Every structure is written in C-alpha cells, then in structure tokens.
Amino acid sequence: MSFAKDFSKAMSQAGPSQFQEVIRQELEYSMKVELDKILATAPSNELEHTKNDLEGFKKLFHRFLQEKGPSVDWGKIQRPPEDSCTVNFQGNSGLTCLKQTQTSEKDLIQPYEKIKARGLPDNIASVLNKLVVVKLNGGLGTSMGCKGPKSLIGVRNENTFLDLTVQQIEHLNKTYNTDVPLVLMNSFNTDEDTKKILQKYSHSRVKIYTFNQSRYPRINKETLLPIAKDVSYSGENTECWYPPGHGDIYASFYNSGLLDNLIAEGKEYIFVSNIDNLGATVDLYILNHLMNPPNGKRCEFVMEVTNKTRADVKGGTLTQYENKLRLVEIAQVPKAHVDEFKSVSKFKIFNTNNLWIALSAIKRLQEKNAIDMEIIVNPKTLDGGLNVIQLETAVGAAIKSFENSLGINVPRSRFLPVKTTSDLLLVMSNLYSLNAGSLTMSEKREFPTVPLVKLGSSFTKVQDYLRRFESIPDMLELDHLTVSGDVTFGKNVSLKGTVIIIANHGDRIDIPAGAVLENKIVSGNLRILDH
C-alpha cells in the first residue's frame with residue numbers, strides 16, 4: 001500500500017494533526033514489517049551486523065518522518081565570532097597575521113596563523129602518539145570512469161590516494177619515532193578490494209585498521225518502502241543498497257569495537273578527512289592546540305574551514321546558531337535564502353571536511369544516542385528508471401553535539417580534493433612537488449592559488465584523459481584553462497595566462513609537442529601529422 005502522497009500532503013499542512021500521526025504510524029509499521037522480512041533472509045554469520053544496520057536505518061527513517069521543511073530557522077543564523085586577526089595569503093607560508101586584538105573565549109573561529117604561532121612542544125612525539133588518522137574510503141571511482149575504490153586511482157607518479165596516505169603517516173612515524181595508526185572507513189562497495197591491496201603495506205611502519213560503514217536499503221520514492229527483498233547485494237540486488245554518507249562514522253566506528261580498542265591503547269583524538277583530499281595531512285600545530293589548549297579546556301571537535309571562492313558557493317558553511325557552532329548545508333536552506341547563503345561576502349568560509357574529534361566524546365555521545373545530524377535526502381534514478389531516495393548524514397553536521405567546538409580558518413592548501421580529471425591535471429602537474437606523500441605548491445608559482453581548469457566531456461574518464469596527454473603540460477604560469485572537444489596534447493607543451501581550446505563537433509585539435517600557448521584561443525581544426 002502507498003502512503004507517500006498522502007503523507008507528503010499531510011506534512012505540508014500547518015501544525016500537527018491526527019491525520020499526520022496516523023500516516024506516520026502506518027509508514028513506520030509498514031517499514032518495520034519489510035525490514036523484518038529482509039532480516040529473516042540474513043545468514044547466521046551476518047545476522048548481528050545486519051540487525052545493527054537495519055536498526056540504524058529505522059532510527060533515521062523515524063526522524064525523516066518527523067521532520068518538516070528546512071531544518072534551520074534562517075532568522076537564528078549568525079556569522080560566528082572570529083578572532084580579529086586579518087589574514088592575507090603570501091606564498092607558500094600560508095597566512096600572515098596583519099592585525100591582532102585580544103581574543104575572548106567566545107571566538108568560535110580562530111585563524112590558523114594564531115594556532116601556528118604557539119609553536120610546538122619539545123615532546124611532540126608524545127602528542128602524536130595520542131592521534132589516529134581516519135580516512136573516509138567508501139567512495140567508488142565511477143565519476144571518473146574507474147571501477148573499484150576511488151582511493152586506488154593513480155594520482156601522482158603512479159602513486160594512488162592510498163599510497164600517498166600511507167607514505168605521509170610512515171614519514172611521521174619514522175621522523176618522530178611514533179605509532180600513529182591509519183584507519184579506513186570502507187563501504188560494502190570498497191571493502192573487499194581495499195583489503196586485498198593492504199597486503200602491499202605489510203612491511204610499512206603504519207598499523208592499518210579497517211571498519212565498514214553501515215549498509216542501508218534504498219527506498220521507493222512513491223511508496224517510501226525498501227526496494228530490497230533480501231540481504232544480498234549482488235546481481236539484481238546491487239542497486240538496492242547504499243552506504244549512508246560519512247555521518248555514519250560515529251555509529252559504525254563504535255559498533256565495530258575499534259573505537260574502544262583505540263581508547264584502551266591510549267589514543268585520544270582522530271583526524272578525519274576524505275581520502276581524495278590530498279591537502280589533508282596531519283598538522284602538528286592543530287594537534288598541539290588540541291592536546292595543550294591555551295585556556296586549559298580541550299576542544300572535543302575542531303572543523304577546518306577555509307575562505308570561499310566562487311567555486312565553493314555550494315559548500316557547507318559554519319555558522320553560529322543558538323550560541324553554538326553549526327554546519328549549514330545548502331540543502332537545509334529555505335529557497336528564499338539560497339542566494340544569500342551562496343554570498344561570498346556574507347558567508348566567507350566553508351567546511352573542508354578535515355575534522356579533529358575526541359574519541360572519548362564520540363563514545364559518550366554514542367552511548368547516550370545524543371549525536372544529532374540533519375538528514376540529507378538524496379534522490380536517485382536507477383538504471384531501470386525507478387525513482388528512489390537515500391537517507392544520509394554528514395560527519396561535520398555533528399559539531400553542535402560536541403562541547404567546546406572550534407573552527408580553524410586554514411590555508412587553502414589544506415583543501416586539495418580530486419573529484420574530476422580537471423583536479424587530477426592540477427595535482428599531476430609541475431604546480432606541485434611530492435615529498436614523503438605530501439604535495440606542496442612549487443615555489444616557482446608566483447601566485448598561491450591554483451589555475452581554474454575545465455576539461456570537457458572527452459576527458460571525463462581517467463583512461464581517456466591519460467590518452468590525450470603525451471605528457472602533462474607546464475602550468476606554472478597558467479591562470480585559466482578550458483578545453484572542449486577532441487583535443488590532444490603533445491610532449492612538453494607550456495600553458496600560460498588564459499588558454500581556451502575548442503574543437504567543434506567533427507573537428508580535432510592536436511597541440512604540437514613543445515608548443516607554448518599564452519593567452520590564446522584555439523578553435524577549429526588543427527592536426528599535426530607525422531611525416
């Protein structure tokens with residue numbers, strides 16, 4: 001039976017009503033019946049794990065039915081108080097403090113330069129030994145035309161995202177004689193392939209642990225009931241299940257038992273980031289600020305934010321809401337205020353998803369069922385045309401549940417995500433140098449910002465992208481690159497200023513080896529034939 005349309009109509013009416021409650025109860029009962037049927041198909045060795053997953057989904061579904069309209073009252077949103085330190089980007093040094101006044105404890109966002117100015121203690125090794133690095137590793141490389149985990153895509157000198165992560169932590173452990181472990185939060189999509197590849201790191205100086213985020217059932221948009229009929233997720237059932245966003249880290253980390261084990265080993269903080277963010281390396285200054293706070297009161301949650309550009313206007317922003325820090329995503333904003341939310345002048349920062357969280361706080365809040373995260377309703381259309389929805393949460397949204405939370409405005413260099421082949425071109429180029437797994441912008445680059453690169457659909461898949469470059473162009477003096485259509489690049493090409501290359505349909509452009517393009521528009525048909 002379908003209640004979705006009646007429920008939607010009821011929810012749109014102002015105020016609570018008996019009708020709304022009846023529809024809710026019917027939906028919850030129908031969902032429980034369907035989930036019980038699915039659970040009954042679980043083999044005995046998967047029963048407990050499947051039960052935990054479905055219980056977690058049931059709670060999320062219950063909250064989904066309870067919520068009405070945007071989850072924030074726009075009138076209560078304020079820009080959070082910031083330290084009055086003006087920041088200015090200067091080369092690779094990051095931020096330079098131009099003006100500083102006395103900071104109060106109510107300054108909810110601190111400039112990175114102030115954190116860095118405190119220096120490092122002599123016993124930095126003891127501080128590092130309290131840290132665990134957690135990488136969100138649930139994503140597939142499908143958006144870039146690759147099969148399997150995204151973390152296994154080669155990004156620099158044949159090194160994958162995972163290779164670079166392991167190299168970074170191994171360098172820390174060797175340099176400071178420490179034992180910082182790496183934890184990967186996999187999904188059911190990435191777990192098997194990731195575990196196979198981990199064998200190659202068996203002799204590295206990094207302990208690597210994994211746990212799986214939950215597996216939730218997709219629900220039919222019309223009926224609001226699961227499309228899965230059993231627990232299997234292969235064959236026809238592949239599209240029936242989904243990993244419910246990185247906000248699931250708190251429950252799945254706790255349920256895995258790994259959280260308790262790490263606390264027992266004396267670990268105190270996790271540094272969480274997306275595995276495809278190559279700028280998200282362990283920062284000793286931020287770690288020291290957490291472990292040795294100037295006012296003696298430790299933060300339970302730190303979110304790294306950075307200054308918005310026009311490319312970031314849809315990113316979640318950190319606000320002050322009812323005297324606490326709160327992450328606001330564009331999906332939560334009432335339609336009438338979306339343009340205001342996107343304003344670079346009003347909301348100047350956005351969330352990098354680099355987070356530092358106290359392990360003891362996660363345990364306390366998880367046991368009290370007190371972690372509150374807004375629900376993200378993610379609509380999808382499956383290959384057969386069926387419209388479904390996924391209920392998800394975001395890890396940063398939990399910031400309001402933690403005590404003494406803080407935002408730190410970090411240099412843009414700590415946000416270097418690789419979501420597309422346009423991003424891949426930047427990190428593979430001579431704009432960056434690679435050292436111990438970390439990418440650093442070249443000192444030869446006169447500007448601290450990266451060029452704006454837009455590669456067309458012919459470059460979307462990694463395999464096609466690599467075939468179109470005989471070698472990666474020199475981009476040290478590039479400001480903007482747009483490429484569209486059937487275009488290839490020869491060896492040792494140099495791009496400077498603004499370069500636009502457009503091959504119209506049916507045309508092909510071959511940029512010859514050694515070509516220097518500076519402030520050029522190339523269009524039409526250009527082929528260099530071998531002779």
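Every chain is numbered independently, its residues counted from 1 as its sequence is written. Given that the model is predicted, a residue must reach a pLDDT of at least 70 before its local features are reported, and side-chain atom pairs must reach 80 or more before they are shown or counted; all residues, however, enter totals for whole chains, interfaces and linings. Side-chain metrics rest on all non-hydrogen atoms present in the structure, leaving aside hydrogens and water.

**What about the overall build of the protein?**
Worth spelling out the cut-off: Secondary structure elements are defined from DSSP: runs of H or I of at least 4 residues count as helices, runs of E of at least 2 residues count as strands, and each element is numbered from the N terminus. Only the C-alpha atoms count toward the radius of gyration. The rule for a globule is 2.2 Å times the residue count to the power 0.38. Any residue under 20% of the maximum accessible area for its type is buried, any over 50% is exposed, and the rest in between are partly exposed; the area is computed with a 1.4 Å probe on protein chains only. Residue contacts are counted whenever heavy atoms from the two residues lie within 4.5 Å of one another.
Looking only at helices and strands, one finds 14 helices and 28 strands in the protein. Over its C-alpha trace the protein gives a radius of gyration of 25 Å, about what one expects of a compact globule, namely 24 Å for 531 residues. Projected onto its principal axes, the C-alpha positions of the protein cover 75 × 60 × 55 Å. When burial is assessed residue by residue, the protein has 50% of its 531 residues classed as buried. Long-range pairs, those at least 24 residues apart, make up 69% of the contacts in the protein with a sequence separation of at least 6.

**Overview of the pairing of strand S8 (residues 182–186)**
Condition: The pairing criterion is simple: DSSP has to find at least two bridges between the two strands. Look down the strands so they point away from you; if the path from the first strand over the helix to the second goes clockwise, the crossover is right-handed.
Where burial is concerned, most of S8 is hidden: five out of the five residues are buried. Of the two faces of S8, the one lined by Leu182, Leu184 and Asn186 and the one lined by Val183 and Met185 are each fully buried. Strand direction decides the pairing type here: strand S5 (residues 131–137) and S8, joined by five bridges, are parallel. Pairing of lysine 135 across the sheet is with leucine 184, part of S8. Two elements, S8 and strand S9 (residues 208–212), share five bridges in a ladder whose sense is parallel. Each bridged residue has a counterpart across the sheet, and for methionine 185 the counterpart in S9 is phenylalanine 211. The handedness of the S8 to S9 crossover, carried by helix H7 (residues 191–197), is right-handed.

**Some thoughts on the sheet that holds strand S28 (residues 516–523)**
Note the following rule: Axes here refer to lines fitted to C-alpha atoms; in helices the fit is confined to the stretch in contact. Angles between the N-to-C directions go from 0 to 180 degrees.
Within the open sheet, the four strands sit side by side as S23-S24-S26-S28. Their pairing is parallel. Strands with a single pairing partner mark the edges of an open sheet, and in this sheet they are strand S23 (452–455) and S28. Taking the axes of each pair of neighbouring strands and ignoring which way they run, one obtains an average angle of 15° across the sheet. For S23 and strand S24 (residues 474–484), the ladder comprises four bridges, and the chain directions are parallel. Across the sheet, the residue bridging to lysine 454 is threonine 482, located in S24. Against the sheet, helix H13 (residues 421–428) makes contact with S23 and S24, and its axis sits at roughly 130° relative to S23, the strand it touches most.

**Some details on the UniProt feature "binding site: UTP" (unreviewed entry) in the protein**
How we decide: UniProt positions are given in the numbering used here, feature names are shortened, and annotations may be inferred rather than shown by experiment.
When the UniProt feature table is mapped onto this chain, "binding site: UTP" (unreviewed entry) is found at Lys150, Gln213, Gly245, Asp276 and Lys419. The exposure class of lysine 150 is buried, given its relative accessible area of 10%. Counting through the fold element by element, glutamine 213 comes out in the loop between S9 and strand S10 (216–217). Once residues within four sequence positions are removed from consideration, glutamine 213 is found in contact with Gly138, Met185, Asn186, Ser187, Pro243, Pro244, Gly245, Asp248 and Ser252.

**Observations regarding the sheet that holds strand S16 (residues 324–328)**
With antiparallel pairing, three strands are arranged side by side in an open sheet as S1-S15-S16. What marks the edges here is a single partner per strand, and that holds for strand S1 (77–78) and S16. For strand S15 (residues 317–321) and S16, the ladder comprises five bridges, and the chain directions are antiparallel. Each bridged residue has a counterpart across the sheet, and for leucine 318 the counterpart in S16 is leucine 327.

**With respect to the packing of aromatic side chains**
Both the distance between ring centres and the angle between the ring planes are used here to describe each pair of aromatic rings. Rules: Here a Phe, Tyr or Trp ring, Trp counted by its six-membered ring, pairs with any other such ring whose centre lies within 6.5 Å, and the pair is stacked when the planes are under 30 degrees apart, edge-to-face when over 60, and tilted otherwise.
Applying the stated criterion to the full structure yields 15 aromatic pairs. Relative to tryptophan 356, the ring of phenylalanine 271 has its centre 4.2 Å away and its plane inclined at 25°; by these criteria the two rings are stacked. On the criterion of sequence distance, the pair formed by phenylalanine 271 in strand S13 (residues 269–274) and tryptophan 356 in strand S17 (residues 349–358) is long-range, its members being 85 residues apart. Members of the aromatic cluster, connected to one another through ring pairs, are Phe57, Phe61, Phe64, Tyr216 and Tyr242.

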